[in-house]
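What follows is each chain in one-letter form.
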Amino acid sequence: MLRHLLRTVNLFDTAKSVLFLCFLAACHRQTGGADQARGLVYYETYDPRSLDPALSTDVPTGEMVTLLFDGLTRFDPDGGLLPGLSDRWTTDRKGQRYVFHLRPGVSFHDGRPLVAGDVERSLVRVLNPATHGGRVWPLLPIAGAGDFADGRARDVRGIEVIGDTAIAFTLTEPLAIFPKFLAMPVASVVPSSVTPDFGQRPVGTGPWRFVAWEHDDYLRFARNPNYWGGAPLSESLTVRIIPEALTRAAEFLSGRISVVEVPFGETKKWEQEHPDWLKRKPALRPIYVPLNNRRGPLRDARVRQAINHAVNVPEILRTVWNGRGALAAGSIPPTLGGSDRARRRYSYDTTEARRLLRAAGYPNGFSLQLWRSGTNVEMGRVAQAIQSQLAVLGIQVEIVSRDASSMREAVRKGDTDMAITDWWADYPDADNFLYPLFHSASVGPGGNYAFYSDRVTDSLIMVARRTVDQSAREALYARIDQRVFDAAPWLYLWFAVDLWAEHPSVDGWDISVIFNGQRWTKVRVTAGR
């Protein structure tokens, strides 16, 4: 193991590295609760793709990038937008030109000072066609970014460096939420010159410095004592790769990891045996069934409304989903601006469902397919419950079980009547639950799996995106969400509620509603707690 470590350690200086390797070896000789005394221990379910922000396409990579790097802006655990490498920014009245001012005194882990040119080169590097496999969409609103990414331009005309301390962005069209896009991992700032193995030996400005990466086993980080936001409270952070949920739970109970998501099937057990360890937080993640608005009887809104009335969602949430959800009356999570918490959801009312089916010309029901991922047991049980309850109205549902990749491809092509799925937020704003899910430009691969298309909805979404005033924008969000909800393009189920356990020796950790909102800077191990 140590032989491999020596190839992956980022050598800050030889003496410190030798001491740290001795420390790591000592950690591996310890068992049980002793690991907690050595520092914080988190986990991922699979190995990150890379530690290079330009290749951030998956959650483990995004979470690790968030530890090592900074963007101009950042998110807190509750999804709030905070200043990052930029301590302030301004925009014009239209929301089309932004100027970000860099905070003074920031340096990379190797001591190089941060300048505005680093920001420009970092973003251009992401967009460069030679950089393969990244998710460039957060940067595409910048004027000229799309042409450069497609190889049709030699530079990105919408990026302007203003000396060493500021950078301006001109967008193709107004976009009020653009600062949130710059908090995405792919927009993190890297040094102007990077080594060929940068994804394995990263250097950033973030709160944690890279130490080691034993692939498919663990990553280790040391705190950055010179971090502009204040050094992390813990000396070290280890991130283990633990694919199995029950293994993670056992490691947590043995004191070998600091926090753990409670295994779904053990919810009641943990609530009874360890209630003081548990933390709950509503997630930015709707669980829903897109009803393909272009297929058969589902073209009729009355049929879609009938399906919503025919399914006893509260009962399924309680008995199948272990109560780990908040009933949905729209697509916008209740913790985000634009959500109407007073809106009445579709009630369980089979009489109303039958009336709507008769009015639509289907008094005896019809047949549909409901697709599900064969690897997700809980989703499969929900699908069975829906199948049983729709049968009461004469709607015969065939459950089609496929692997996740095949199901996703079929849904995106529009080859499914219904499919039980979820949507994970990329950025904490109601726009992320409207534009990709319901704008006609997003049908299929873009996220609009219901193939919902409405010109008024499209227009309102674009107006909201251009509205700089937050309260006015959130009022538009609520109006859009109501219009879509009335059309019932989904079978609305619930928003997931995350349930985690925090080790009794750990203090300061919080569940993050967005994958890159937890940076572990205020978390520490407290002896004797």
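Keep in mind that what you see is a predicted model, and the values were worked out from it rather than measured.

Thresholds, definitions, all that
Residues numbered from 1 in each chain as written. Predicted model: local features only at pLDDT ≥ 70, side-chain atom pairs only at ≥ 80, totals over all residues. Heavy atoms only, no water. Salt bridge = Lys/Arg side-chain N within 4 Å of Asp/Glu carboxyl O. Helix = DSSP H or I, 4+ residues; strand = E, 2+ residues; numbered from the N terminus. Buried < 20%, exposed > 50% of the residue type's maximum accessible area, 1.4 Å probe, protein only. Pairing = 2+ DSSP bridges. Axes fitted to C-alpha atoms, helices over the stretch in contact; angles between N-to-C directions. pLDDT = per-residue confidence, 0-100. Contact = heavy atoms within 4.5 Å. Phe/Tyr/Trp six-rings, centres within 6.5 Å; stacked < 30°, edge-to-face > 60°. Lys NZ or Arg CZ within 6 Å of the ring centre and 35° of its normal. Polar contact = N/O pair within 3.5 Å; in protein donor to acceptor, adjacent residues only side chain to side chain. Arc of directions from axis to C-beta. Parallel < 35°, antiparallel > 145°, perpendicular 65-115°, else oblique. Left-handed = near helix turned anticlockwise from the far one by under 90°. Nonpolar A, V, L, I, M, F, W, Y, C, P; charged D, E, K, R; others polar.

Trainee: Looking at this model, I keep getting lost on the pattern of salt bridges. Mind explaining?
Mentor: Oppositely charged side chains are able to pair whenever their charged atoms sit close together. Summed over the entire model, instances satisfying the criterion amount to 24 salt bridges. In this structure, aspartate 70 engages arginine 519 in a salt bridge whose closest nitrogen and oxygen atoms are separated by 2.7 Å. In this pair, aspartate 70 is assigned in the loop between helix H4 (59-68) and strand E2 (73-75) and arginine 519 in the loop between strand E19 (506-507) and strand E20 (524-525), connecting sequence segments 449 residues apart. On the basis of relative accessibility, which here comes to 3%, the residue aspartate 70 falls in the buried class. Arginine 519 gets classed as buried once you look at its relative accessible area, which sits at 8%. A salt bridge links lysine 413 to glutamate 409; its shortest N-O distance comes to 3.1 Å. A residue pair is termed a helical-turn pair when its members lie 3 or 4 positions apart in one helix, as lysine 413 and glutamate 409 do in helix H14 (residues 404-413) at 4 residues. Judged by its relative accessible area of 55%, lysine 413 falls in the exposed class. According to the relative accessible area criterion, glutamate 409 is partly exposed, its value standing at 44%. Each of Asp78, Lys281 and Asp510 takes part in salt bridges that share partners, so that together they form one network.

Trainee: Would you mind going over the sheet that holds strand E5 (residues 97-102) with me for this structure?
Mentor: Adjacent strands of a sheet form backbone hydrogen bonds with each other and so pair up, either parallel or antiparallel. A sheet is described by the order of its strands in space; here 4 strands give the open sequence E4-E5-E7-E6, paired in antiparallel fashion. If you trace the sheet from one side to the other, it starts and ends with strand E4 (86-91) and strand E6 (159-162), each paired once. Strand-to-strand, the axes of this sheet are offset by a mean angle of 20°, without reference to chain direction. Strand direction decides the pairing type here: E5 and strand E7 (residues 166-170), joined by 5 bridges, are antiparallel. Directly across from valine 99, in E7, lies its bridge partner alanine 168.

Trainee: Is there a simple way to think about the confidence of the model for the chain in this case?
Mentor: Where the model shows low pLDDT, its predicted coordinates should not be examined in detail. Taken residue by residue, the chain gives an average pLDDT of 92. The fraction at 70 or more is 92%. Predicted confidence for residues 1-37 stays below pLDDT 50, and this span has 62 contacts to residues more than four positions away or in other chains.

Trainee: Is there a simple way to explain the packing of aromatic side chains in this structure?
Mentor: The description of two aromatic rings rests on the distance between their centres and on the angle between their planes. Applying the stated criterion across every chain, the model contains 27 aromatic pairs. Relative to phenylalanine 181, the ring of tryptophan 137 lies with its centre 5.3 Å away and its plane at 85°, an arrangement referred to as edge-to-face. Here the residue tryptophan 137 occupies a position in the loop between helix H5 (116-127) and helix H6 (145-149), and phenylalanine 181 occupies one in helix H7 (residues 178-181), the gap between them amounting to 44 residues. Between the aromatic rings of phenylalanine 169 and phenylalanine 178, the centroid separation amounts to 5.7 Å while the plane-to-plane angle is 65°, which identifies the pairing as edge-to-face. Phenylalanine 178 carries the same exposure label as phenylalanine 169, and that label is buried. Through pairs of rings, three or more aromatic residues link up here, namely Tyr288, Tyr346, Phe438, Tyr452, Phe485, Trp490 and Tyr492. Seen from the ring of tryptophan 371, arginine 402 lies directly overhead, with NZ or CZ sitting 5.5 Å from the centre.

Trainee: What exactly am I supposed to notice about helix H10 (residues 301-310) here?
Mentor: Along H10, 8 of the 10 residues are buried, which leaves the element largely enclosed by surrounding structure. Where H10 begins, one side-chain oxygen reaches toward the backbone nitrogen of arginine 302, 2.8 Å away; that side chain belongs to aspartate 300.

Trainee: Would you explain the side chain of serine 505 in this entry?
Mentor: In this fold, serine 505 is placed in the loop between strand E18 (490-502) and E19. Serine 505 sits in the buried class, given a relative accessible area of 13%. Within polar-contact distance, the side chain of serine 505 engages the side chain of histidine 503 at 2.8 Å.

Trainee: How should I be thinking about helix H12 (residues 350-360) in this particular structure?
Mentor: Given 3.6 residues per helical turn, the α-helix brings residues three or four places apart onto the same face. Within H12, the full set of buried residues consists of Ala353, Leu356, Leu357 and Ala360. End-on view of H12: buried residues confined to an arc of 100°, all on one side of the axis. Seen from the buried face of H12, the exposed residues on the opposite side, beyond 90 degrees, are Thr351 and Arg358. Each element contacted by the buried residues of H12 is listed here: H10. Where H12 begins, one side-chain oxygen reaches toward the backbone nitrogen of threonine 351, 3.2 Å away; that side chain belongs to aspartate 349. Positioned one or two residues after H12, glycine 361 has a phi angle of 95°, which is positive.

Trainee: Just to check I follow, could you spell out the packing of helix H16 (residues 455-466) against helix H17 (residues 470-487) for this structure?
Mentor: The packing of two helices is summarised by the inter-axis angle and the distance between the axes. Remark: H16 packs on H17, axes separated minimally by 9 Å, with the N-to-C direction vectors making an angle of 160°. One way to sum up the angle between H16 and H17 is to call them roughly antiparallel. Remark: the crossing between H16 and H17 carries left-handed chirality. Counted together, Val456, Thr457, Leu460, Ile461, Val463 and Ala464 of H16 and Arg473, Leu476, Tyr477, Arg479, Ile480, Arg483 and Val484 of H17 form the full contact between these two elements. Broken down by class, the residue content of the contact of H16 with H17 amounts to 9 nonpolar, 1 polar and 3 charged.

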